[in-house]
Amino acid sequence: MRNASETTRAAAPAAERTAGNRAARPPLLRDPRRLVGVGLLVALAVVVLVFPMTTSVGYLLSTGVVILNYALMATGWNFMGGFTGYISLGHAAYFGLGAYAVAILIDRTGMSPFLALALAPLVVVVIAIPVGVAALRVRGASFVIVTIAFVLILLLVAQSWASLTGGSTGLMVPRAFQGLMRTEHHQVFYYIYVAALVLALLVWWRIDRSRFGMGLKAVREDEDKARALGVPTFRAKLIAFAWSAFFTGLAGALYALWFGDLDPVFQFSILMGAYMVLMALLGGVRELFGPLLGAIVVGLAIEFFKAEFGDTQFHLVATGLLLALVVLFMPEGVIPAVKGLFARFGPQASSIREVSAQQLLDGTQDAPDDDAPVAPGGVGRVR
Amino acid sequence: MTATGTVTGGALTVRGLSKAFGGVRAVDDASVEFKPGRINAIIGPNGSGKTTFFNCVTGMIRADRGTVTLDGRDVSRATPDRIARLGLGRSFQVCRVFPRMTVMENMLVGVRSTAADLWRRADDEESLERARGWLRRVGIDHLEHSEARNISYGQQKLLELAGVLMAEPRIVMLDEPAGGVNPALIGRISALVRELNAEGRTFIVVEHNMDLVMSLSDHVVVFDRGRPIAEGAPAEVQTDPRVLEAYLGV
């Protein structure tokens, strides 16, 4: 009865709307925003790939590797922090586990470093899953504390279980590439890190646009509401957590092979976990390249302050200030802030529907556009 | 599939449901049967346990005792997301949308997905079309690209309903659909509920607006002190002395 008229009414505009977002997308060359995006991406890729060829200064190359290591860790962290909004301050646990896994696998089983590199992140995931099962039952501050507790436990284990981990004296990691000069060693690892980072970014990008990713983002927004809509939130969080541990563990494994010497205090440090959070927040946790950008900025800052002021605690003060500035002025991170700046010059979106008088008379338009006794966002507010 | 199509099933049976918070028995040995295809209303004074009952049935709160059966399947111990996937959708008392997502993204969260589909694009043509169908039906399809926090409260209310429907429920539980909404929109929501019910969806509505309850529902369940004290057609319930006593204390 009512339905018949309802469907015919709905059918008419359907055809024109089917075009939708994607089909109507203009070609790349005529879409300035996408053009800028692609241009920036190509420029970034060129800079990253060419950088090691432009210098043979060991210090510069090693700084490049350190920053890529930060970028891989922060991107790994962002699988959890960015998608689900669960802030882990203890992701150094997976960094450290990845590093120790590689070292112990090579040392104890005599396997090839490359096989160990492939296995180590999987070992980290196997350890991370039960931790996730426990930690993901709580939210907010409780979750943060559980993650910190896990790092501290691992630190104690690494320091005490000397027969396996070398204890406080640390552990030497056999070299993966024999007979390389120092600069060559840095260059090789630089490119391995780039490959790992590209892999992490690809997986993040794929999740970001998938149904799985939509469920994760719903968790970030309102977990109970997501569950009420049928999103299997616990499983989704656990899978995101596992990916997060995988890439953070991969960073640790690479670090072990590159640096060659593990110290438990460095591998399992709260500070390292805090850096990951800072980098991701600075760049923007909702952005694919947010953690990478944050790693470049924070990584360079840390290196600068260390070089300038030596082995003091000054770089800690500086990073603390940086964090405060970001939270105050760019709570969403640098990338959204810059995007927002550009969006001001773009076409404006409005929530007011324009209809002709004829449409109103015909009754083809009967939506209550202005119906708010309480309007938190304001009707027709222009973004 | 478009935003119509008939739905079958939708029977919900609750037996001996109890939930205490400390010493307060919010729901106390409640047994109700909701028959498929009806618009059921739950009414009762403030604090009579309606919302707790709602939350226990949808799995948001674990009941102390009692069973909940959804189309013959025991869901007493099931998680809220599983209950939702089995066909029971719900809205919240204070309207809840995903504020930082666009209206369209809000809709796409509800897309049913098998494990193999999880890596599919969230905004595939089929899902977009289905979402637009529902948005059109509730009348907010022009807001597709707006962030949900920037639309009006009434529009959010409609979005919440459309989002619930996107998940293809056989039973829709609405917690105060008329709360904080102007009369024109109340009329629109109740017309929608009637249409959706005519397509086979069972409704269970908690509501304080008596005019709405009496005009909309086929069956009214009256709660007082954590359990149903009367049920029946709206006209019967209205004159039931127990109901008058619970409401007016006469």
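Please read all numbers here as calculations on a predicted model, not as lab measurements.

The rules we used
- Residues numbered from 1 in each chain as written.
- Chains lettered and ligands numbered in written order.
- Predicted model: local features only at pLDDT ≥ 70, side-chain atom pairs only at ≥ 80, totals over all residues.
- Heavy atoms only, no water.
- Helix = DSSP H or I, 4+ residues; strand = E, 2+ residues; numbered from the N terminus.
- Buried < 20%, exposed > 50% of the residue type's maximum accessible area, 1.4 Å probe, protein only.
- Contact = heavy atoms within 4.5 Å.
- Areas by Shrake-Rupley, 256 points an atom, 1.4 Å probe, with all protein chains shown as cover.
- Axes fitted to C-alpha atoms, helices over the stretch in contact; angles between N-to-C directions.
- Left-handed = near helix turned anticlockwise from the far one by under 90°.
- Nonpolar A, V, L, I, M, F, W, Y, C, P; charged D, E, K, R; others polar.
- Pairing = 2+ DSSP bridges.
- Phe/Tyr/Trp six-rings, centres within 6.5 Å; stacked < 30°, edge-to-face > 60°.
- Lys NZ or Arg CZ within 6 Å of the ring centre and 35° of its normal.
- Salt bridge = Lys/Arg side-chain N within 4 Å of Asp/Glu carboxyl O.
- Right-handed = clockwise from strand over helix to strand, strands pointing away.

(A) Quick peek at the overall build of chain B. Along chain B, the regular secondary structure elements total nine helices and 10 strands. By the burial criterion, 61% of the 250 residues in chain B qualify as buried. For chain B, long-range pairs separated by at least 24 residues make up 70% of all intrachain contacts whose partners lie at least 6 apart in sequence. For chain B, the exposed surface amounts to about 9400 Å²; the carbon and sulfur share of it is 51%.

(B) How the structure looks around the overall build of chain A. Within chain A, the secondary structure is distributed over 18 helices and two strands. Within chain A, counting contacts between residues at least 6 apart in sequence, those at least 24 apart form 79% of the total. Accessible area of chain A: about 18500 Å², with a carbon and sulfur share of 69%.

(C) Expanded view of unusual backbone geometry. Residue and element names in this part refer to chain B. A positive phi is found at D29, a non-glycine position, where the angle reads about 55 degrees. On the secondary structure map, D29 appears in strand β2 (residues 24–34). Phi at E176 takes a positive value of approximately 55 degrees, unusual for a residue other than glycine. Counting through the fold element by element, E176 comes out in the loop between β7 (171–175) and α6 (183–198). On the basis of relative accessibility, which here comes to 14%, the residue E176 falls in the buried class.

(D) Quick look at the packing of helix α15 (residues 290–309) of chain A against helix α16 (residues 314–329) of chain A. Residue and element names in this part refer to chain A. Two elements in contact, α15 and α16, have axes separated by 9 Å at closest approach and are oriented at 150 degrees. Handedness of the crossing formed by α15 with α16: right-handed. Contacts between α15 and α16 involve V298, I302, F305, K306 and F309 from the former and F314, H315, A318, T319 and L322 from the latter.

(E) Seen up close, the packing of helix α4 (residues 58–84) of chain A against helix α10 (residues 211–221) of chain A. Residues and elements named next belong to chain A. For the pair α4 and α10, the least separation of the axes is 6 Å and the interaxial angle reads 60 degrees. Here α4 contributes G82, F83 and T84 to the contact with α10, which in turn contributes L216, K217, V219 and R220. For the contact of α4 with α10, the residue count by class is three nonpolar, two polar and two charged.

(F) The sheet that holds strand β1 (residues 12–21) of chain B, seen in detail. Residue and element names in this part refer to chain B. As summarised here, the arrangement of the four strands in space is β2-β1-β4-β5, forming an open sheet in which the pairing is antiparallel. Taken across any chain shown, the strands that pair with only one partner, and hence form the sheet edges, are β2 and β5 (73–74). In terms of strand pairing, β1 meets β2 through seven bridges, oriented antiparallel. Bridge pairing links V14 to V32 in β2. Contacts between helix α1 (residues 50–57) and the sheet are confined to β1, β2 and β4 (65–70), with β1 contributing the most and set at about 115 degrees to the helix.

(G) The packing of aromatic side chains, seen in detail. Using the criterion set out here, one finds 29 aromatic pairs over all chains in the structure. Aromatic pair W243 of chain A and F246 of chain A: ring centres 6.1 Å apart, planes at 75 degrees, arrangement edge-to-face. One end of the pair is W243 of chain A and the other is F246 of chain A, both in helix α12 (residues 233–259) and three residues apart, which spans about a single turn. Relative accessible area serves as the criterion here: at 26%, W243 of chain A is assigned to the partly exposed category. One aromatic cluster in this structure is built from F79, F83, W204, F212, W243, F246 and F247 of chain A together with W119 of chain B. Cation over ring: R90 of chain B sits above F92 of chain B, and NZ or CZ is 4.3 Å from the ring centre. Directly above the ring of F92 of chain B sits R96 of chain B, whose terminal nitrogen or CZ lies 4.4 Å from the centroid.

(H) Structural detail: the pattern of salt bridges. Counting across every chain of the model gives 33 salt bridges over all chains. Across the pair D124 of chain B and R211 of chain A runs a salt bridge whose closest N-O atoms are separated by 3.3 Å. Of this pair, D124 of chain B sits in the loop between α3 (103–108) and α4 (125–138) while R211 of chain A sits in helix α10, which puts the two residues in different chains. Comparing D124 of chain B with R211 of chain A shows no difference in burial state: the two are buried. Among the salt bridges present, the one from K237 of chain A reaches E223 of chain A, with a minimum N-O distance of 2.8 Å. Of this pair, K237 of chain A sits in helix α12 while E223 of chain A sits in helix α11 (residues 223–228); the two residues are 14 residues apart in sequence, bridging distant segments of the chain. Taken as a pair, K237 of chain A and E223 of chain A share a single burial class, namely buried.

(I) A look at the pairing of strand β8 (residues 202–206) of chain B. Residues and elements named next belong to chain B. When you tally the buried positions in β8, you get five out of five residues, the bulk of the element. Burial along β8 is two-sided: T202, I204 and V206 and F203 and V205, pointing in opposite directions, are all buried. The sheet contact formed by strand β3 (residues 39–43) and β8 spans four bridges and is parallel. From the neighbouring strand, A41 faces β8, where its bridge partner is V205. By the bridge criterion, five bridges tie β7 to β8 in an arrangement that is parallel. By the bridge assignment for β8, I171 is matched with T202. Each parallel crossover has a hand, and the one from β7 via α6 to β8 is right-handed.

Take it as geometry only, folks, not as evidence of what the structure does.
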